[in-house]
4 protein chains.
Amino acid sequence: MRADVHRFSLSEPSDVSGLRDAIERGHVDPARIVCVIGKTHGNGLVNDYTRGYLSISLARLIGSHLNVEAEAVLARVPFIFSGGVEGVLSPHYSVFTVDPQADRGAGKSLAVGVAFTPELTPDQIGVQAQIDLTAAAVRQAMARAQIADATDVHLVQVKGPAFGAADIQSAVRSGKTCASGTPGGLMACGRAASALGVGLALDEIALRDATADRVLSDFRLYSSAASISAGTEVRCNEVVVLGMSERWGGELMIDHEPLQDAIDLGGVLRLVRRMGFDADPQVAQSDSGRIRSAFVKCEPQRDGTIRGRMHTMLNDGDMDAQRHIRGAVGGMVAGVLGDTALFVSGGAEHQGPYGGGLIALIAEKAAV
Amino acid sequence: MRADVHRFSLSEPSDVSGLRDAIERGHVDPARIVCVIGKTHGNGLVNDYTRGYLSISLARLIGSHLNVEAEAVLARVPFIFSGGVEGVLSPHYSVFTVDPQADRGAGKSLAVGVAFTPELTPDQIGVQAQIDLTAAAVRQAMARAQIADATDVHLVQVKGPAFGAADIQSAVRSGKTCASGTPGGLMACGRAASALGVGLALDEIALRDATADRVLSDFRLYSSAASISAGTEVRCNEVVVLGMSERWGGELMIDHEPLQDAIDLGGVLRLVRRMGFDADPQVAQSDSGRIRSAFVKCEPQRDGTIRGRMHTMLNDGDMDAQRHIRGAVGGMVAGVLGDTALFVSGGAEHQGPYGGGLIALIAEKAAV
Amino acid sequence: MRADVHRFSLSEPSDVSGLRDAIERGHVDPARIVCVIGKTHGNGLVNDYTRGYLSISLARLIGSHLNVEAEAVLARVPFIFSGGVEGVLSPHYSVFTVDPQADRGAGKSLAVGVAFTPELTPDQIGVQAQIDLTAAAVRQAMARAQIADATDVHLVQVKGPAFGAADIQSAVRSGKTCASGTPGGLMACGRAASALGVGLALDEIALRDATADRVLSDFRLYSSAASISAGTEVRCNEVVVLGMSERWGGELMIDHEPLQDAIDLGGVLRLVRRMGFDADPQVAQSDSGRIRSAFVKCEPQRDGTIRGRMHTMLNDGDMDAQRHIRGAVGGMVAGVLGDTALFVSGGAEHQGPYGGGLIALIAEKAAV
Amino acid sequence: MRADVHRFSLSEPSDVSGLRDAIERGHVDPARIVCVIGKTHGNGLVNDYTRGYLSISLARLIGSHLNVEAEAVLARVPFIFSGGVEGVLSPHYSVFTVDPQADRGAGKSLAVGVAFTPELTPDQIGVQAQIDLTAAAVRQAMARAQIADATDVHLVQVKGPAFGAADIQSAVRSGKTCASGTPGGLMACGRAASALGVGLALDEIALRDATADRVLSDFRLYSSAASISAGTEVRCNEVVVLGMSERWGGELMIDHEPLQDAIDLGGVLRLVRRMGFDADPQVAQSDSGRIRSAFVKCEPQRDGTIRGRMHTMLNDGDMDAQRHIRGAVGGMVAGVLGDTALFVSGGAEHQGPYGGGLIALIAEKAAV
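Residues numbered from 1 in each chain as written. Chains lettered and ligands numbered in written order. Predicted model: local features only at pLDDT ≥ 70, side-chain atom pairs only at ≥ 80, totals over all residues. Heavy atoms only, no water.

A. Representation of the interface of chain C and chain B. Taken together, the contacts link 19 residues of chain C with 19 residues of chain B. Carbon and sulfur atoms supply 43% of the area buried between chain C and chain B, which totals about 1500 Å² over both sides. At the boundary of chain C with chain B, the tally comes to two salt bridges. The interface formed by chain C and chain B holds twelve residue pairs in polar contact (both at pLDDT 80 or more) in total. (Contact = heavy atoms within 4.5 Å. Buried area = accessible area lost by both parts, 1.4 Å probe. Salt bridge = Lys/Arg side-chain N within 4 Å of Asp/Glu carboxyl O. Polar contact = N/O pair within 3.5 Å; in protein donor to acceptor, adjacent residues only side chain to side chain.)

Written out as structure tokens, the structure is:
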């Protein structure tokens, strides 16, 4: 088996010209697409509809080439889009394909596995059900990716459901209890519980700790490979496991590194240097073509400070804290990679260290 | 003579506790304060009143120690505040003092000079008058700083007036022509014309090029030491020249570097390495205490791209482009300096290269 | 002929359940749909993609019932969506159908006609070309609606193209001149020129006055029946003429009234009373079911005042002026109609009196 | 005794020219000022510093006329400012004066009383302490206003403390429990608890119901005369009671009316008609000069609907729900009053009916 990643720029949320062109030129076989991950133009919050718009646009394109309805594509392929391209960030999407016929390589190569939880209702968000169902889906996706050892998993990208005020109120009126009464609050609970589920599946968090009462309360618990987004356009947790496996071949590798706080430039450099990039400190232009996709999670530190100095992200009534943090950390990582088409996602609850987050990078293996 | 810089954190725009404490402990002599430069909590746009709020708060404090009215302090001391602490940035202000009795040192040291243009009306913003009056004020401030050679100037910080819709309409109705009909547009014109004036005074821009028709049109023209802000709380261009001079003593130095674009991490590193910092790539914690103040200008590249990839800053109707760019570049520079109390200001029209900007750093001289 | 209007609520921009249900129940014949007008969830500015998302969602639904591709539906049916449901406003869309077989009635009834201009490029926005092409399209739509007398036209709804920063820069680089260099500015120019075109076609503006130099400069010129929106999802001016005609039958009527300023409650009442509503001052619940669709244009008065008092809409860097004004005028009109599913659109340049706008209402004729 | 109200426009938060002029002309005696209530330019949320800026600006002016420090004025006079002048609303402040020598009139006249609670810490916000301390302060202010009967109270304006993320985290770290972990959430809890306290003091809410567990949960409980704001610029609940009393003289009256929902135009009309205004439906220009001050509370209905139709206020990540609702209800009320200098405040938790709010109006008595 062999995994490949094609990254396309996105001029607007319905712009599928990049993938269309690649399909028409024979560079991408639409039947082999296993998932798509990307950043869209919206605000990344509850009322961001650019994620769903790109999903249907890509599903229509892929469906038209496979002679199936767009809805059939949506049911099979996870489209994991995070809104919010603040600052220097550039909208884009990365298409993952798997060639099941390809030979395994010498050593490990990029491996991909996909799984879905059952549908989740508002009362199941942020609680034990979401933790456990996510953990089960991660294990299933690992098995499909033929990754046996959790330390070979470098990114678990999850997209889970978000709900608006009307859905939450409706659940409450029908006697259900929701982990939060506000749309943004419930989104955060869902990301947090899903992250605990990933940590549980990856043996980063013990079974006794992966409990609902730890959600958004015990930030010592985290997965350093979990990247969780939420949006109203999905109704279950869609799980993509990315890691390294000897059962796969190809020229791509993935690695990851936790970020200790929002200005942990050293963490980013550690990763690029470990992956063999020429970086002083920006990845040299001659080497930056090896980058296939970058994934970053980050969050505004909850005590209102960074290294002892006040930040204002959590007090700003005009600009959401997620928009603040994505812009800042995106700027720092773009400075290192010399590349702005990065998947930078806020809301890193239990995803990397408290106040920090993580970075994962897919790149062509360095020439020996 | 000897210049000193004290940087204080700002919990809210009226928080003058840092300077009060320093005055009461005898660390700062209020009579020697020549200017204050800082970042406040607001949006940095026309309706940002946090700049004026901090100005009056500091003027009251200083005035109470000097037994003069706050208004007298405001008339003498430039308070140059830029709003907008997006992302990791931390609100703060830097108080510049001058000891006229101190001996000159061996070699050059930080030098400061201050000057004001006459009051400017809406029709004088962004046109030849503002270019020429700014250039004259820069020359006057250089003379006061006893800097003869323009290459010894490393930062010209200017705060000029901004006007709301009512003021602009009122000028138009009285038969005046304004360079832009919108408050934000006129702010940009004013920053641009002031930057051309600085460039003219520093011999970076030729006299024949420092003309009104080049404002916001010929971006090949720029000053790499100009940093211009605008706000409704001032009515003239307040000019502070910072540079190096053999006539001054003390332990502080200043240097600067242009930024070629919004992700020019290399430019930031060049500066910190040239100033003798231990940076790999983040300035080592053991060395970061030498940083006294950092000043950054940046802007969203006007063609909507960065290194060929689309950015969305100029199309976002919910979040102003200046808030985008400050957050991103602030994140990158904070990553290098390991410090978030940075003066990062958007709107770098003719201030550094097109699409880029500049960074200036005041630090304690490295131990020999 | 007979025109009918069905209004459906919109839970999110892809929610076409209302029309789907109506088609499946036989209440709406998809072949008879001539246009759809609605309000979507976005910000109504350049980066509002909810308009395009609803367009493709509805086009897919209608196409599936007619066995044609969604793109064929988009090419034939104007989908005129305005983003921004600030305050009490509720997202919705109104589907206009025409039964060509129906008999004419006694007296006049609601009449509909549709036309398109050719595609417009960025340099054609806001200039004479857009004025003249719009006027021609209005005349064509009037002819199709069989309305001979311009005083029988009560609403000309136009949706024209908007362009992002990259498109504008690209046009400029290729030597073209654009009426504004900013995306929001060009949107405003386009609305203004289109309004002058409508006014020309309706004999509200003289030929000698319908010139490019009057665009956004001579606000004495306006059409009180023009309602113009712009968005990146269309590439020509899509024109829908709504009026009264003796050639049409059915139970619906339309009327309109200019609004003198943003708080012209009297203007709204004049209209509802003239249309026979029981309103004291809110339309009685027993009578509000007669309302089929309401259309409002409004704008923040350009001198920064309303009846001599300052407003802050034009100085707010956090919240666009269009979002301000839609919320305020929407609240006032909803108070009168007792209904929040209103098409309220900002940017009333030359659409109704300076600082004001207009309201048009489609309702069932009052029982005699 | 006699109360008077002077309303002044506010061009920016430090603009005290209106009151200065009135003092200098002898229209206002600064020694008789008992409170100031107004709307400022900010967002009305946690990071709105325009409230504090106007407070200190007015305190400096008043203090300079009374030969006392500004801080002494701040300690004695409640400055109750609410940020957020969305849509048509106009920044302004109303200065309340009391002449203790004036004779009582025939019948009842406007009466004013002021009181303060002790300082409140973050853990006291939104809980029983705030309910009880507020009720006690209301009773004290009623006594000072010489209003014996609670039905003669028409407005209890309260300004209570708000806290940023750092303060809340600091309280939590020191072992305290806060009613909400987010700045905006705690603001809402504080408004809600204060409203229950007002309702308790006014006999609108029974003692057994005025308990912490009802805060933000039992919305059947409300005071129809409570108007609560919060801001970081105060540290206790400042309470102003406004009502009618036979012990007072003068030409002013006050009355109030609950609003059943956000589009309750009928409620507004009931009030203006009951107060003898000529309104059809807008107050006639000849009569609008009688209006001295208007106070409105409103809120986005929590189930996400208004009269069965969806609203989007609670799902909007770019524009806070309070900014939405103030703009909409402000537009409606301005339409009736023909006046935009209105105190419209969001966050009507337990202040008027669920989903609605209230309006209170101070006006000159109608000529007999």
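After presenting the structure, the write-up continues.
B. Structural view of the pattern of salt bridges. According to the stated counting rule, one finds 116 salt bridges over all chains in the structure shown. Glu299(B) is paired through a salt bridge with Arg302(B); the nearest N and O atoms lie 3.4 Å apart. Owing to a relative accessible area of 3%, Glu299(B) belongs among the buried residues under this scheme. Put simply, Arg2(A), Asp4(A), Glu251(A), Arg292(A) and Glu364(A) are held in one network by salt bridges that share partners. (Buried < 20%, exposed > 50% of the residue type's maximum accessible area, 1.4 Å probe, protein only.)

C. Geometry of the relation of the copies chain B and chain A. Least-squares fitting of chain B to chain A yields an RMSD of 0.0 Å, with the superposition described by an axial translation of 0.0 Å and a rotation of 180°. Expressed as an axis order, the relation between the two copies is that of a two-fold axis. In terms of proximity to the rotation axis, the leading residue of chain B is Met332(B), whose C-alpha is 1.9 Å off the axis. Both copies present the same face, since 100% of the interface residues in chain B are matched by interface residues at the equivalent positions in chain A. (Least-squares fit on C-alpha atoms with pLDDT ≥ 70 in both.)

D. Quick peek at the side chain of Asp339(D). By the element assignment, Asp339(D) lies in the loop between α9 (321-337) and β13 (343-345). Here Asp339(D) falls in the buried class, since its relative accessible area comes to 6%. Within the structure, Asp339(D) has its side chain in polar contact with the side chain of Arg309(C) (distance 3.2 Å). There is a polar contact of 2.8 Å between the side chain of Asp339(D) and the side chain of Arg7(D). The contacts of Asp339(D), once residues within four sequence positions are left out, are Ile263(C), Arg309(C), Arg7(D), Ile291(D) and Ala334(D). (Helix = DSSP H or I, 4+ residues; strand = E, 2+ residues; numbered from the N terminus.)

E. How the structure looks around the packing of aromatic side chains. Throughout the structure, instances matching the rule amount to 18 aromatic pairs over all chains. Relative to Tyr53(D), the ring of Tyr53(B) has its centre 4.9 Å away and its plane inclined at 20°; by these criteria the two rings are stacked. You can see Tyr53(B) sitting in helix α2 (residues 50-66) and its partner Tyr53(D) sitting in helix α2 (residues 50-66), one on each of two chains. Centroid distance Phe8(D) to Tyr93(D): 5.5 Å. Interplanar angle 40°. Geometry classified as tilted. Placement of Phe8(D) in strand β1 (residues 2-9) and of Tyr93(D) in strand β4 (residues 92-99) is noted, with a sequence separation of 85 residues between them. Under the relative-accessibility criterion, Phe8(D) is labelled buried at 12%. (Phe/Tyr/Trp six-rings, centres within 6.5 Å; stacked < 30°, edge-to-face > 60°.)

F. Seen up close, the relation of the copies chain C and chain B. By a simple turn and slide, chain C fits onto chain B: the slide is 0.0 Å along the axis, the RMSD is 0.0 Å, and the turn is 180°. When the interface residues of chain C are mapped onto chain B, 100% of them again lie at the interface, so the same face is used by both copies.

G. Layout of the sheet that holds strand β14 (residues 357-364) of chain D. All names here are of chain D. The sheet built from four strands is open, its strands ordered β9-β14-β10-β13 with mixed pairing. Both outer strands of the open sheet, β9 (252-259) and β13, are each paired with one neighbouring strand and no more. The sheet shows a mean angle of 10° between the axes of neighbouring strands, taken without regard to direction. Across three bridges, strand β10 (residues 291-298) lies against β13 in parallel orientation. (Pairing = 2+ DSSP bridges. Axes fitted to C-alpha atoms, helices over the stretch in contact; angles between N-to-C directions.)

H. Looking closely at the pairing of strand β9 (residues 252-259) of chain C. All names here are of chain C. The buried fraction of β9 is high, at seven of eight residues. Pairing between β9 and strand β14 (residues 357-364): eight bridges, direction antiparallel. When the bridges of β14 are listed, His-256 appears paired with Ala-360.

I. The sheet that holds strand β7 (residues 226-231) of chain A, seen in detail. Residue and element names in this part refer to chain A. Strand order in the open sheet made by the four strands is β5-β8-β6-β7, with mixed pairing throughout. Both outer strands of the open sheet, β5 (109-119) and β7, are each paired with one neighbouring strand and no more. Within the sheet, the average angular offset between the axes of one strand and its neighbour, ignoring direction, is 15°. Strand direction decides the pairing type here: strand β6 (residues 153-161) and β7, joined by six bridges, are parallel. By the bridge assignment for β7, Gln-157 is matched with Ser-227. The strands touched by helix α6 (residues 183-201) within the sheet are β6, β7 and β8 (236-245), with β7 carrying the most contacts at an inclination of about 150°.

J. The arrangement of the interface of chain B and chain A in detail. With 42 residues of chain B at the interface, the matching set in chain A holds 42 residues. For the pair chain B and chain A, the summed buried surface comes to about 3200 Å²; carbon and sulfur atoms form 60% of the total. Run the count over chain B and chain A and you get six salt bridges. Taken together, the connections running from chain B to chain A amount to 16 residue pairs in polar contact (both at pLDDT 80 or more). Counting residues per element, the ones that place at least two in the side of chain B that touches chain A are α7 (265-274), β12 (309-310) and α9 (321-337) of chain B.

K. Structural detail: the pairing of strand β5 (residues 109-119) of chain D. Residue and element names in this part refer to chain D. In terms of burial, β5 is largely enclosed, as eight of its eleven residues are buried. As paired strands, β5 and strand β8 (residues 236-245) are joined by nine bridges and run antiparallel to one another. Bridge assignment links Leu-110 to a residue of β8, and that residue is Met-244.

L. Up close: helix α6 (residues 183-201) of chain D. All names here are of chain D. Look at α6: 27 Å from first C-alpha to last across 19 residues, which is about the 27 Å you get at 1.5 Å a residue. Across the 19 residues of α6, 17 count as buried, placing the element largely inside the fold. Looking one or two places after α6, you find Asp-203, whose phi comes out positive at around 60°. (Expected span 1.5 Å × (residues − 1).)

M. Structural context of helix α2 (residues 50-66) of chain C. Residue and element names in this part refer to chain C. The end-to-end C-alpha distance of α2, which contains 17 residues, comes to 24 Å, matching closely the 24 Å that a straight helix rising 1.5 Å per residue would cover. Counting buried residues in α2 gives 13 out of 17 residues, a clear majority hidden from the surface. One or two residues past the end of α2 sits Asn-67, with phi positive at roughly 60°.

Shape is all these values report; function is a separate question.
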